[in-house]
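The chain contents come next:
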Number of protein chains: 2
Amino acid sequence: MQDATKTAAIVNEYTGDEACSLARAVSVVGQRWSYFILREALAGTTRFTEFRQRLGIASDVLTTRLETLVGAGLMQTQEYREFGQRTRWSYHLTESGRQMMLTIAALQQWGDEWTPSPVPTSVSFRDQHGRQLTAAFVDPEGRVVPIDDVEPIRTSKTC
Amino acid sequence: MQDATKTAAIVNEYTGDEACSLARAVSVVGQRWSYFILREALAGTTRFTEFRQRLGIASDVLTTRLETLVGAGLMQTQEYREFGQRTRWSYHLTESGRQMMLTIAALQQWGDEWTPSPVPTSVSFRDQHGRQLTAAFVDPEGRVVPIDDVEPIRTSKTC
């Protein structure tokens, strides 16, 4: 479990004086590739070359996005070394990165519903019994609230 | 209620041959300003000048982002005219845009937890009794599954 205050400090380097939680979140993942890297990491990918091959992403873009994700505390690096090779870094989700799962699930669901495609999504979210989970709004008692019954309320003008 | 097939066709113009639902979703909202515009629209803003003032966004950027959101079917325009003024367009969420609410809620929650800030978020999500709602993973019976118990499973290699 990572310390949220520490994460906040690190994220701050990337967000400057962003006061809003949405602004802070978007400054980390409001980028096409960040979502795909996080999803690939959720699927178990840890190595640079694997990310590059699976995502078909240019090396320099991948380097930059991984640096941002590490700098913002969503991923952390580990050294590894294969026989006869130089030391390399692998990339692993932190607790904060893992928790971005809910946002990714919500985005995938939106895409599935509103831009249907014959190609199935590459990552699905399951419970311990292997049952497919969905993202939803829930009330304080943990009951699902249909999205049509959700009221967005402005609570402040600043943020 | 908007026709999902039509939305898919419109989104296609913006995503080219993106096969993945996540790729399609990200092609629309994987942009900092798209999130803020959608959130502002959820809070009730409809007019160009209001969006510009509340978000502190440059006119040309706002124009481009609104065009993308309209083109992808998340917002639609309406004509309005105030006395002695020329006809203008206002911007309104479609059903597809409204449903992006869950992604925004999930992102805000992540920001609140991992990058805490003293400034409260400007939009909160309530049920019909005014109770605050949260985004969560739920199982097929509608029971909340704690995020620590969620298993991301790779289901395909392509997408």
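Everything numeric in this text was worked out from a predicted model, so none of it was measured.

**Student:** Let's hear about the overall build of chain A: which residues, and what values?
**Tutor:** Summing up its helical and strand segments, chain A has 7 helices and 6 strands in all. Listing each helix as α and each strand as β along chain A from the N terminus yields α-α-α-α-α-β-β-α-α-β-β-β-β. For chain A, with 159 residues in total, the buried portion stands at 50%. Sequence separation of 24 or more characterises 45% of the internal contacts of chain A that already satisfy a separation of 6 or more. Carbon and sulfur atoms provide 47% of the accessible area of chain A, an area that totals close to 7,400 Å².

**Student:** Any details on the nonpolar core? Residues and values, ideally.
**Tutor:** By size, the foremost hydrophobic cluster in this structure holds 80 residues, and its most contacted members are A:Phe137 and B:Phe137. Here B:Phe137 is in contact with A:Met101, A:Leu102, A:Ala105, A:Phe125, A:Leu133, A:Thr134, A:Ala135, B:Arg143, B:Val144, B:Val145, B:Ile147 and B:Val150, once residues within four sequence places are set aside.

**Student:** Talk me through the interface of chain B and chain A; I want residue IDs and the actual numbers.
**Tutor:** Contact with chain B, which involves 87 residues of that partner, is made by 88 residues of chain A. Summing both partners gives a buried area of about 8,100 Å² for chain B against chain A, and 61% of it is carried by carbon and sulfur. Counting across the chain B and chain A interface gives 6 salt bridges. The shortest N-O distance in the salt bridge between A:Glu40 and B:Arg154 comes to 2.6 Å. Linking chain B with chain A are 28 residue pairs in polar contact (both at pLDDT 80 or more). In terms of residue count, helix α7 (residues 101-114) of chain B provides more of the side of chain B that touches chain A than any other element does, 14 residues in total. When its residues are assigned to classes, the side of chain B that touches chain A shows 42 nonpolar, 24 polar and 21 charged. Summarising the sheet, strand β4 (residues 134-138) of chain A and strand β4 (residues 134-138) of chain B pair through 5 bridges and their orientation is antiparallel. Along β4(B), the bridge assignment pairs A:Phe137 with B:Ala135.

**Student:** How would you summarise the confidence of the model for chain A if you had to cite specific residues and measurements?
**Tutor:** All names here are of chain A. Here chain A averages 87 in pLDDT, while 86% of its residues score no lower than 70. Across chain A, the element-wise mean pLDDT spans from 51 in helix α1 (residues 4-15) up to 98 in β4. Counting interchain partners and residues more than four positions distant, the pLDDT-below-50 stretch residues 12-17 has 7 contacts. Two numbers describe this predicted complex: its pTM, 0.86, and its ipTM, 0.86.

**Student:** Outline helix α2 (residues 21-29) of chain A, listing residues and values.
**Tutor:** The element α2(A) is extensively covered by neighbouring structure, given that 8 of its 9 residues are classed as buried. Restricting attention to buried positions, one finds in α2(A) the residues A:Ser21, A:Leu22, A:Ala23, A:Arg24, A:Ala25, A:Val26, A:Val28 and A:Val29.

**Student:** For the pairing of β4(B), give the residues involved together with the corresponding values.
**Tutor:** Residues and elements named next belong to chain B. Counting buried positions along β4 gives 4 out of 5 residues, so the element sits mostly inside the fold. Note that β4 and strand β5 (residues 144-145) share 2 bridges and pair antiparallel. The residue bridging Phe 137 from the neighbouring strand is Val 145, located in β5. Connecting β4 to the antiparallel partner β5 that follows it, the hairpin turn spans 5 residues, and Gly 142 within it adopts a positive phi of roughly 80 degrees.

**Student:** Please give an account of the sheet that holds strand β5 (residues 144-145) of chain A that cites residues and values.
**Tutor:** Ordered in space as β5(A)-β4(A)-β4(B)-β5(B), the 4 strands form an open sheet in which the pairing is antiparallel. Lying at the two open borders of the sheet, with one neighbouring strand each, are β5 of chain A together with β5 of chain B.

**Student:** Before we move on, can you summarise the pattern of salt bridges with the specific residues and values?
**Tutor:** For the structure on display, the rule yields 16 salt bridges over all chains. For A:Asp139, the salt bridge is made with A:Arg143, and the minimal N-O distance between the two is 3.4 Å. Using a relative accessible area of 47% as the deciding quantity, one classes A:Arg143 as partly exposed. Salt-bridge contacts for A:Arg143 lead to A:Glu141; the nearest nitrogen and oxygen are separated by 2.9 Å. Each member of the salt-bridge network shares a partner with another, and the members are A:Asp127, A:Arg131, B:Asp139, B:Glu141 and B:Arg143.

**Student:** Any chance you could break down the relation of the copies chain B and chain A for me, citing the residues and the numbers?
**Tutor:** The two copies are related by a screw operation: chain B maps onto chain A through 180 degrees of rotation and 0.0 Å of translation along the axis, at an RMSD of 0.0 Å. Taken together, these values place the two copies in the relation of a two-fold axis. When the interface residues of chain B are mapped onto chain A, 100% of them again fall at the interface, so both copies present the same face.

**Student:** I'd like to hear about the environment of B:Trp89, residue by residue, with values.
**Tutor:** Residues and elements named next belong to chain B. Relative to the helices and strands, Trp 89 is located in strand β2 (residues 88-93). In the structure, Trp 89 is positioned 10 residues away from Glu 79 in sequence and 4.6 Å away in space, judged by C-alpha atoms. Setting aside residues no more than four positions away along its own chain, Trp 89 makes contact with Thr 77, Gln 78, Glu 79 and Tyr 80.

Thresholds, definitions, all that
Residues numbered from 1 in each chain as written. Chains lettered and ligands numbered in written order. Predicted model: local features only at pLDDT ≥ 70, side-chain atom pairs only at ≥ 80, totals over all residues. Heavy atoms only, no water. Helix = DSSP H or I, 4+ residues; strand = E, 2+ residues; numbered from the N terminus. Buried < 20%, exposed > 50% of the residue type's maximum accessible area, 1.4 Å probe, protein only. Contact = heavy atoms within 4.5 Å. Areas by Shrake-Rupley, 256 points an atom, 1.4 Å probe, with all protein chains shown as cover. Core = buried A, V, L, I, M, F, W, Y, C linked by side-chain atoms within 4.5 Å. Buried area = accessible area lost by both parts, 1.4 Å probe. Salt bridge = Lys/Arg side-chain N within 4 Å of Asp/Glu carboxyl O. Polar contact = N/O pair within 3.5 Å; in protein donor to acceptor, adjacent residues only side chain to side chain. Nonpolar A, V, L, I, M, F, W, Y, C, P; charged D, E, K, R; others polar. Pairing = 2+ DSSP bridges. pLDDT = per-residue confidence, 0-100. Least-squares fit on C-alpha atoms with pLDDT ≥ 70 in both.

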